Number of protein chains: 2
Amino acid sequence: MNLYTLSEIIDKKFSHGEIPPQNIIEEIRSITSKGGYIGLAQIDPTAGNLEFNAKKIAKYIKYSEKIGLDMVIFPELALMGYPIEDTIDRHPLIVRENIKWLKGLAKITKNTTAIVGFVEPREKDAEGKRFYNSAAILQNGKITGIVRKSLLPTYSEFNDYRYIEPSPVVGVQPVETLGKLSRENIQPSNKYLEINGTKYGISICEDCWNNKEFFEKNLYDKDPIEELKEADIFINCSASPTRAKKEQLKHNMLSFISSKYKKPMIYVNQVGAIDNISFDGSSRVFNSKGELIARAKSFEEQFLIVNPKNETGKIYPLTKGLEKSLTEQKVFTLEYESDLERTYKTIVQGIRDYFSKCGFKKAVLGLSGGLDSTVCAVLLADALGKENVFGISMPSKLTSKESKSDAKELAENLGINFTEASIKPMVDTTTDCLNDLFKVVETKWDCRYKNSFTPDNIQARSRAMFLWGISNEFASCIPIATSDKSELYMGYATINGDMSGGFAPIADVPKTKLFAFARWLNSNREEKNAIPEAIILKKPGAELAIDPKTGKTLNAEDALMPYEFLDEIIWRIENKNESYSDLLEAEFVYEKKNKISKEQKIEWLDKFYRRMSTALYKWSILPPSVIVESRSINKSDYRQPITSSKINYKGVNEEEIANSLL
Amino acid sequence: MNLYTLSEIIDKKFSHGEIPPQNIIEEIRSITSKGGYIGLAQIDPTAGNLEFNAKKIAKYIKYSEKIGLDMVIFPELALMGYPIEDTIDRHPLIVRENIKWLKGLAKITKNTTAIVGFVEPREKDAEGKRFYNSAAILQNGKITGIVRKSLLPTYSEFNDYRYIEPSPVVGVQPVETLGKLSRENIQPSNKYLEINGTKYGISICEDCWNNKEFFEKNLYDKDPIEELKEADIFINCSASPTRAKKEQLKHNMLSFISSKYKKPMIYVNQVGAIDNISFDGSSRVFNSKGELIARAKSFEEQFLIVNPKNETGKIYPLTKGLEKSLTEQKVFTLEYESDLERTYKTIVQGIRDYFSKCGFKKAVLGLSGGLDSTVCAVLLADALGKENVFGISMPSKLTSKESKSDAKELAENLGINFTEASIKPMVDTTTDCLNDLFKVVETKWDCRYKNSFTPDNIQARSRAMFLWGISNEFASCIPIATSDKSELYMGYATINGDMSGGFAPIADVPKTKLFAFARWLNSNREEKNAIPEAIILKKPGAELAIDPKTGKTLNAEDALMPYEFLDEIIWRIENKNESYSDLLEAEFVYEKKNKISKEQKIEWLDKFYRRMSTALYKWSILPPSVIVESRSINKSDYRQPITSSKINYKGVNEEEIANSLL
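Cut-offs used in this document
Residues numbered from 1 in each chain as written. Chains lettered and ligands numbered in written order. Predicted model: local features only at pLDDT ≥ 70, side-chain atom pairs only at ≥ 80, totals over all residues. Heavy atoms only, no water. Buried < 20%, exposed > 50% of the residue type's maximum accessible area, 1.4 Å probe, protein only. Helix = DSSP H or I, 4+ residues; strand = E, 2+ residues; numbered from the N terminus. Pairing = 2+ DSSP bridges. Phe/Tyr/Trp six-rings, centres within 6.5 Å; stacked < 30°, edge-to-face > 60°. Lys NZ or Arg CZ within 6 Å of the ring centre and 35° of its normal. Contact = heavy atoms within 4.5 Å. Buried area = accessible area lost by both parts, 1.4 Å probe. Salt bridge = Lys/Arg side-chain N within 4 Å of Asp/Glu carboxyl O. Polar contact = N/O pair within 3.5 Å; in protein donor to acceptor, adjacent residues only side chain to side chain. Expected span 1.5 Å × (residues − 1). Bend = angle between axes of the 7 residues up to and from the residue. Least-squares fit on C-alpha atoms with pLDDT ≥ 70 in both.

(A) A look at the pairing of strand β3 (residues 113–121) of chain B. All names here are of chain B. Within β3, eight of the nine residues are buried, leaving the element largely enclosed by the surrounding structure. Bridge analysis of strand β2 (residues 71–73) against β3 gives three bridges, and the strand direction is parallel. Residue pairing for β3: M71 is matched across the bridge by T113. Bridge count for β3 against strand β4 (residues 131–139) is eight bridges, and the pairing is antiparallel. If you follow E120 over to β4, its bridge partner there is Y132.

Here it is in structure tokens:
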């Protein structure tokens with residue numbers, strides 16, 4: 001058997017908590033003990049759970065030792081988990097504790113060098129923030145050196161600079177500086193880690209993202225990789241989340257650096273999800289020509305053995321969607337096909353890790369027979385196991401027979417638990433109570449709406465009442481918020497209703513993508529066609545109200561605008577920072593297929609900005625979800641004051657300004 | 001009449017939208033036109049509402065011109081409002097627009113110089129972030145210079161560095177650098193603003209917070225004030241929020257700088273609230289000995305005229321609580337008295353600005369007869385007007401007669417609208433429906449709790465259903481979440497129930513402070529004793545369940561722990577970063593009065609950490625609220641991964657670590 005077949009056996013044993021069999025260890029060792037072999041420990045840590053993370057790290061250190069590797073490398077902040085956010089500021093104990101665990105890990109090392117990310121406290125009165133984002137070199141029972149991160153991202157989902165100080169120095173500093181390094185006491189040390197005559201230049205994540213030739217625009221002045229150019233091999237310990245279109249950029253950038261400096265590059269990435277942020281793993285190694293020689297799996301823990309010198313490595317296939325070429329700069333086409341496998345794995349991993357890390361096991365959700373709840377049910381079944389999902393069809397008097405039967409059929413196809421429970425008694429009682437109450441209130445307040453959304457919302461909230469009831473009554477169970485990204489942008493979701501839940505799986509997936517996604521799920525899951533075709537074909541609508549024009553239940557696109565048009569607005573704003581006038585001038589894909597008047601376009605654009613401005617509050621109380629797209633409205637990724645709802649997104653001309661200020 | 005009496009007349013006119021009378025303008029002008037007079041325009045901007053902010057700025061520019069001031073100074077980012085957060089990244093249009101408005105403002109200037117904060121875009125390919133946080137010097141119809149912020153806070157409520165680039169240069173750069181400054185093209189200009197022979201050294205907010213002698217620990221290397229030391233007078237344009245214990249630090253620091261450099265210091269602060277952040281204003285001027293010579297009002301828009309050279313200025317009284325000496329380093333005493341006026345004004349301003357900036361007018365809340373909803377009702381009546389508040393008593397079968405009559409009495413005392421609406425029909429129907437549903441679910445899932453909180457939560461959610469119903473049915477009305485800080489720390493609040501609402505006024509006020517606060521409100525509001533004594537005296541309890549031990553409704557302190565003890569844990573963690581073992585060793589105030597066993601203390605501490613760890617999700621979906629204390633759990637102030645719920649806050653010893661890693 002070859003190295004990678006043997007490795008896979010070990011990985012499987014480990015994942016079942018078993019100790020690997022001695023004969024396979026021996027067989028691997030016969031290959032790796034020749035020297036130059038390195039282990040990339042692509043692990044899934046839990047934020048702040050030091051014992052859990054340390055045990056996982058220890059397992060791989062001991063294994064690496066057994067098979068005689070030169071080195072085993074862990075991701076950025078592996079011991080603490082990334083991101084840990086403000087936790088280290090309010091609870092500095094866990095930073096002190098992580099040092100104790102780090103020293104414990106050092107003690108178990110022997111001949112194999114381990115590189116382990118941790119949070120390093122700084123001296124109390126040191127200038128700057130209180131911590132470094134560091135990686136320790138552990139060898140022969142001791143910590144022998146420290147590497148610290150210089151470039152601290154603070155955009156989108158990143159907030160490193162809140163409590164982390166940028167390192168004033170690149171490369172390895174001696175262990176004596178642990179907890180004591182400052183600008184003033186940088187040691188004139190060998191900045192490379194030397195093992196058997198090979199010099200390794202170690203950097204942490206963002207430190208390799210500032211090449212002045214590769215990027216048109218640089219975020220920072222300093223380029224740590226340039227300062228490490230005398231290395232024989234580069235190492236980057238990373239925690240880099242998956243986002244649409246990011247992989248190819250990362251790949252090209254790492255390849256560029258390897259070929260530019262003519263050094264192999266070893267890149268070790270975190271896998272798994274921490275709250276809203278999903279890391280894809282896909283750790284990899286390039287040779288000195290910038291060619292890929294090894295890549296770990298995406299969205300799975302893996303221990304990948306490589307030898308950059310003799311170019312031993314295996315390239316596991318990348319999740320489809322990750323591989324899409326960035327040079328393919330095409331305009332918005334509403335063709336999501338190429339990104340659907342990545343979307344699937346990102347969300348399934350996000351659900352699985354959120355549940356397991358919080359200690360939840362079960363999910364309950366409303367099945368309306370519509371697309372959103374349907375896709376959520378499929379994802380939950382795959383992430384948690386079908387026996388752990390309960391779908392409840394909760395019809396009102398407006399719910400069609402088809403909605404009920406579609407929901408039931410879906411549940412049967414998926415094999416999830418299912419029941420039907422009418423909300424009619426609750427809606428009737430609530431409506432009666434509220435009507436009495438409204439009569440009293442309107443004696444004091446003369447601002448009662450002639451047409452309100454109250455009846456719609458009563459239905460959505462009654463359903464949430466059922467789901468939260470089940471969550472309260474059954475252990476380790478949380479309800480699911482099924483809102484999608486398009487609807488959230490429009491605030492088309494009920495507070496304490498469908499947008500309420502313990503987790504929101506598709507909050508960053510636009511509606512048009514969900515249609516494509518449903519078809520993809522039907523074709524690509526083991527059980528084909530779990531989603532009834534009728535669900536994919538029907539027009540989205542919440543079945544909460546009757547359209548006075550048609551006498552039928554109101555269609556979401558009539559209440560909002562065509563989803564294709566809406567999703568293109570969102571895409572253009574998020575990806576191209578387009579303004580109102582840019583959008584007005586652009587030719588939308590929808591327009592190519594449907595002739596619409598300028599007035600119609602203006603009406604939709606106005607509606608978009610008006611509704612988005614008042615949806616900011618809803619974004620702020622959105623349950624945890626998984627970031628999927630290149631940009632999102634997730635509050636850990638994007639923050640806008642709710643009180644900025646009066647922004648004029650159209651802009652004004654100089655004359656209007658002059659008149660206003662007269 | 002003196003300058004300040006005359007000024008107050010103008011302020012009053014302005015606040016009613018009136019044009020000031022010519023005779024008073026003339027009278028002021030007779031004083032101010034002698035030269036050296038400067039206006040501190042302490043304004044309340046709305047985030048991103050450029051027209052609103054620009055008109056306000058224009059009003060004061062024109063007024064300053066009329067009365068012949070040398071200069072009028074506005075707070076940090078006055079034109080945009082601070083904070084604007086990620087909005088400028090996703091919608092760069094508003095930055096381009098703010099430049100147009102800035103140029104419009106420049107055009108209306110004549111002899112009086114105006115200093116106006118704005119967001120400055122940078123060149124597309126410039127290294128670093130896309131914007132500067134800048135202030136423009138406007139004179140004689142033109143922008144004549146730009147000052148940029150160098151030190152960018154990124155801790156607690158601050159996130160400047162997310163999209164703002166630190167300025168590479170201190171002081172004034174010529175207008176030619178507008179939109180074009182980079183490290184490479186810094187102009188060798190006069191860095192001071194010169195007016196009538198006086199050199200002003202201008203800095204923005206954090207730039208004056210890094211004096212190496214004053215602070216024991218510095219966050220940054222650079223000290224911009226040191227680089228401006230050749231100025232005759234310092235100016236600092238600021239947007240500095242109120243937090244417990246912050247004022248005295250700020251005051252001492254500004255005074256220290258003035259006296260150290262022997263220059264007057266003019267400090268202009270923003271007032272008003274933007275979402276969760278409440279700015280106290282209290283703009284001020286120190287003479288060159290570091291003595292206070294002028295101070296604007298706290299928590300009010302004001303235009304304060306000063307003359308630092310001849311020491312003309314008026315010191316308006318500081319809101320009590322702001323003035324508390326920082327040197328008074330006393331341990332936690334549960335004596336909140338000194339901070340209650342500040343607390344009151346912070347929250348009232350927070351409510352008023354949130355409502356007015358979002359376009360809301362009315363609030364509806366449940367009145368339980370308990371302390372939380374009572375204090376909320378008082379604050380809402382004061383912030384919005386009693387006619388705009390509707391209190392609803394929503395009794396269940398567990399609600400005592402006293403609770404109902406206390407709620408009614410409170411409403412009558414306050415003069416707010418009031419009615420009673422029983423939730424019994426809703427609770428009965430929901431309970432019946434849920435019991436049927438639970439029977440089905442338990443045929444599939446064997447994890448039904450023997451004792452659950454479902455009945456408690458049904459009550460809380462039925463009440464929220466009423467309040468949100470009213471909000472949906474009546475224009476510009478939002479429901480209020482009444483949870484307090486102590487309960488939120490413990491997760492002792494119902495999702496979609498009492499913790500749900502459009503705004504949460506007391507989410508950063510601990511329970512023990514609320515008791516003191518209620519008494520303070522009774523003594524210090526115009527209408528004395530609006531809060532019935534019975535409400536203050538009763539033990540907190542949500543009246544959601546019966547205590548099996550006593551047969552009476554369950555008391556919150558029995559479910560949790562004594563509030564005095566709980567609040568001291570919170571205070572020690574937030575203010576002193578104490579760990580589990582620190583807390584165990586410390587002698588709590590509660591312990592001085594009540595003998596408790598070590599076992600009891602451990603039980604409470606364990607309960608605290610256990611409950612806090614699982615409350616993280618609730619913090620993440622908390623409605624907007626006002627930050628009051630020096631540290632909070634507000635998500636714009638503190639972020640911790642929800643999946644970090646397994647952190648071991650007790651820590652472990654080396655032996656345990658070694659055994660774990662064996």
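Back to the text.
(B) Examining the packing of aromatic side chains more closely. Throughout the structure, instances matching the rule amount to 57 aromatic pairs over all chains. Between F355 of chain A and F360 of chain A the ring centres are 6.1 Å apart and the planes differ by 75°, which places this aromatic pair in the edge-to-face class. In this structure, R90 of chain A is placed above the aromatic ring of Y638 of chain B, and the distance from its NZ or CZ to the ring centre is 4.0 Å.

(C) Quick peek at the interface of chain B and chain A. Taken together, the 145 residues of chain B in the interface contact 145 residues of chain A. Buried area between chain B and chain A, both sides added, is near 12,500 Å², and the carbon and sulfur share of it is 60%. Across the contact surface, chain B and chain A share ten salt bridges. At the junction of chain B with chain A, the criterion picks out 73 residue pairs in polar contact (both at pLDDT 80 or more). Per-element tally for the side of chain B that touches chain A: the top contributor is helix α12 (residues 454–473) of chain B, with 13 residues.

(D) Looking closely at helix α20 (residues 598–620) of chain B. Given a rise of 1.5 Å per residue, 23 residues ought to cover 33 Å, and the 33 Å separating the end C-alpha atoms of α20 of chain B matches this to within 8%. The sharpest bend along α20 of chain B measures roughly 40° and falls at T614 of chain B.

(E) A look at the relation of the copies chain B and chain A. Overlaying chain B on chain A yields an RMSD of 0.0 Å, the required transformation being a rotation through 180° with an accompanying axial translation of 0.0 Å. Taken together, these values place the two copies in the relation of a two-fold axis. Closest to the rotation axis within chain B is the C-alpha of I621 of chain B, separated from it by 2.1 Å. A shared interface surface links the copies, since 100% of the contact residues of chain B are contact residues in chain A too.

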